[in-house]
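# Fold and geometry: a report
These are the residues of each chain, in order.
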Amino acid sequence: SSTRYDIFSECKRKYFYQYYAKFDKEYNRDKIDFLKKMTSIPMEIGNISHDVIKEVLERLKKSTAPIDQKKFEAYVKNVAQSITKKNFFEIYYKEQEKIEVDQLFQKTHVSLNNFLESERFEWIKESAISEIDNWIIEPGGFGESRLDGLKLYCKVDFMFPSGEKIIILDWKTGKKNETKHSNQLVGYAAWASFHLDKKASDIEPIIVYLHPKYEEISLKPTEDELKEYKERILSETKEMYGYCRNFEENIPLDKEAFPMLEDTAICKYCNYKELCHRN
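Residues numbered from 1 in each chain as written. Predicted model: local features only at pLDDT ≥ 70, side-chain atom pairs only at ≥ 80, totals over all residues. Heavy atoms only, no water.

## Some points on the pattern of salt bridges
A side chain with one charge can pair with a side chain of the opposite charge if their charged atoms come near. Selection rule: Salt-bridge detection follows one rule: a side-chain nitrogen of Lys or Arg within 4 Å of a carboxyl oxygen of Asp or Glu. A run of H or I in DSSP counts as a helix once it spans at least four residues, and a run of E counts as a strand once it spans at least two, with each numbered from the N terminus. Each residue gets one of three labels from its accessible area relative to the maximum for its type: buried under 20%, exposed over 50%, partly exposed in between, using a 1.4 Å probe on protein chains only.
Overall, the coordinates contain 15 salt bridges when judged by the stated rule. In this structure, the salt-bridge partner of D6 is K180, at a minimum N-O distance of 3.9 Å. You can see D6 sitting in helix α1 (residues 2-10) and its partner K180 sitting in helix α9 (residues 178-196), a full 174 residues away along the chain. You can call K180 partly exposed: its relative accessible area is 38%. When the shortest N-O distance is used, the salt bridge between K86 and E44 registers 3.3 Å. Here K86, found in the loop between α5 (69-83) and α6 (89-92), pairs with E44, found in helix α4 (residues 41-60); they are 42 residues apart in sequence, far enough to count as distant. Salt bridges sharing partners connect three or more residues here, namely D24, E26 and K255.

## Quick word on the nonpolar core
Put simply, the rule is: The definition of a nonpolar core used throughout is a set of buried Ala, Val, Leu, Ile, Met, Phe, Trp, Tyr and Cys residues joined through side-chain atoms within 4.5 Å. Contacts are residue-level and defined by heavy atoms, with any inter-residue pair within 4.5 Å sufficient.
Counting 35 residues, the largest nonpolar core has L57, L104, F115, W135, F158, L169 and W171 as the members making the most contacts within it. Among the secondary structure elements, those contributing two or more residues to this core are α4, α5, α7 (101-116), α8 (119-126), β4 (158-162), β5 (165-172) and β6 (203-209). The element best represented in this core is α4, accounting for 8 residues. Beyond its immediate sequence surroundings of up to four residues, F158 is in contact with L57, I124, W135, I136, I137, I167, I168, L169 and W171. Core analysis: the next-biggest nonpolar cluster, separate from the first, contains 21 residues, I7, Y17, M240 and C244 among them.

## Side note on unusual backbone geometry
Between H211 and P212 the backbone carries a cis peptide bond, its omega angle lying at 5 degrees. Tracing the sequence through the fold places P212 in the loop between β6 and β7 (215-218). Non-glycine residue K94 carries a positive phi angle of around 60 degrees. A positive phi angle is found at H277, which is not glycine, with a value near 60 degrees.

## Observations regarding the packing of aromatic side chains
Which entries qualify depends on this criterion: In this analysis, rings of Phe, Tyr and Trp, with Trp reduced to its six-membered ring, are considered paired at centre separations within 6.5 Å, and the interplanar angle assigns stacked below 30 degrees, edge-to-face beyond 60, and tilted for intermediate values. Lysine and arginine charges are scored as sitting over a ring when NZ or CZ, respectively, is within 6 Å of the ring centre and within 35 degrees of the ring normal.
In the structure shown here, the tally under the stated rule is 23 aromatic pairs. Aromatic side chains F16 and F258 sit 5.2 Å apart centroid to centroid with 55 degrees between the ring planes, which places their arrangement in the tilted category. Residue F16 is located in helix α2 (residues 12-19), and its partner F258 is located in the segment after β9 (251-252); the two are separated by 242 residues in the primary sequence. Residue classification places F16 among the buried positions, given a relative accessible area of 1%. Classification of F258 as buried rests on a relative accessible area of 0%. The rings of Y5, F8, Y15, F16, Y17, Y19, Y20, F23, Y243, F258 and Y272 are connected pair by pair, giving a single aromatic cluster. The ring centre of F8 lies 4.3 Å from the NZ or CZ of K12, which sits over that ring. Positioned above the aromatic ring of Y93, the side-chain terminus of K273 is 4.6 Å from the ring centre.

## A closer look at the pairing of β7
Operational definition: Only strands joined by at least two bridges in the DSSP assignment are considered to pair.
The sheet contact formed by β6 and β7 spans 4 bridges and is antiparallel. Paired with I207 across the bridge in β7 is I217.

## A word on α7
Going by this rule: To estimate how far a helix should reach, multiply one less than its number of residues by 1.5 Å.
Across its 16 residues, α7 extends 22 Å between first and last C-alpha, which sits within 8% of the 22 Å expected from 1.5 Å per residue. Turning to α7, its buried residues are V101, L104, F105, T108, H109, S111, L112, N113, N114, F115 and L116. Along its buried surface, α7 packs onto α4, α5, α8 and β5.

## Regarding the sheet that holds strand β1 (residues 136-137)
Note the threshold: Convention adopted: a line fitted to C-alpha atoms gives each axis, helices being fitted over their contacting stretch, and angles between N-to-C directions are expressed from 0 to 180 degrees.
Taken together, the 5 strands give an open sheet; going across it, the order is β1-β4-β5-β6-β7, and neighbouring strands pair in mixed fashion. Every other strand in the sheet has two partners, leaving β1 and β7 as the edge strands with one partner each. Looking at chain direction, β1 and β4 are connected through 2 bridges and run antiparallel. From the neighbouring strand, I136 faces β4, where its bridge partner is M159. Strand contacts of α8: β4, β5, β6 and β7, with the helix running at about 55 degrees to β4, the strand carrying the most contacts.

Here's what the structure looks like:
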């Protein structure tokens, strides 16, 4: 998955803790798993936004009646309130004493309103809804497909037909990163090509930035780009295999083979920083 390689590229020690905790001889597995499962305010803003948009789209399958804004706002606030009970990075590392509901609600509410007031949402209700039986909204599982015998994980947020095209929408509440997110779009196109037997020209993946304003970045992938994506995935996988004692059984080298970063700036945001004595 692109997420796995992103962590691998970011920090090899973080990668070890994230995927090979059971092989660690220094720290208890439960301790590492606890740190792995910690959430954060930005992460939960994204999670709530994704979950509520999914519910809005599922609602369209039953009714196109206008959404009651007061009830909608109250619902989102209730969801945000329930989330504050999770184990947060900011609390564990004593950046703040408690999670205030508005820290989750305000940005989430703006993001969701930007979506509901967008031309895209109106278009979905008026045009895309004709193919509603063929909508795919955050499919179950991990979005598994195949690439030359390798498992490839790339889970779409919302995919639907429009004429001869397949449209894929991916919601983002964080900072814009066109290079990283464009690479993700090619991955979504590869996923759709595999599952729906479509040519690259039949697929239009779109990144949707929900905050601070609604903005779309569309990609029109080519067959060459899908081929390059395939070659890159194979190369990245081979690179990660290099840190395995036995890659077929997914057994890693010793932790010492996964070096910590020399530049500690990025460690500030890492769940595992206390294990590296950088908190």
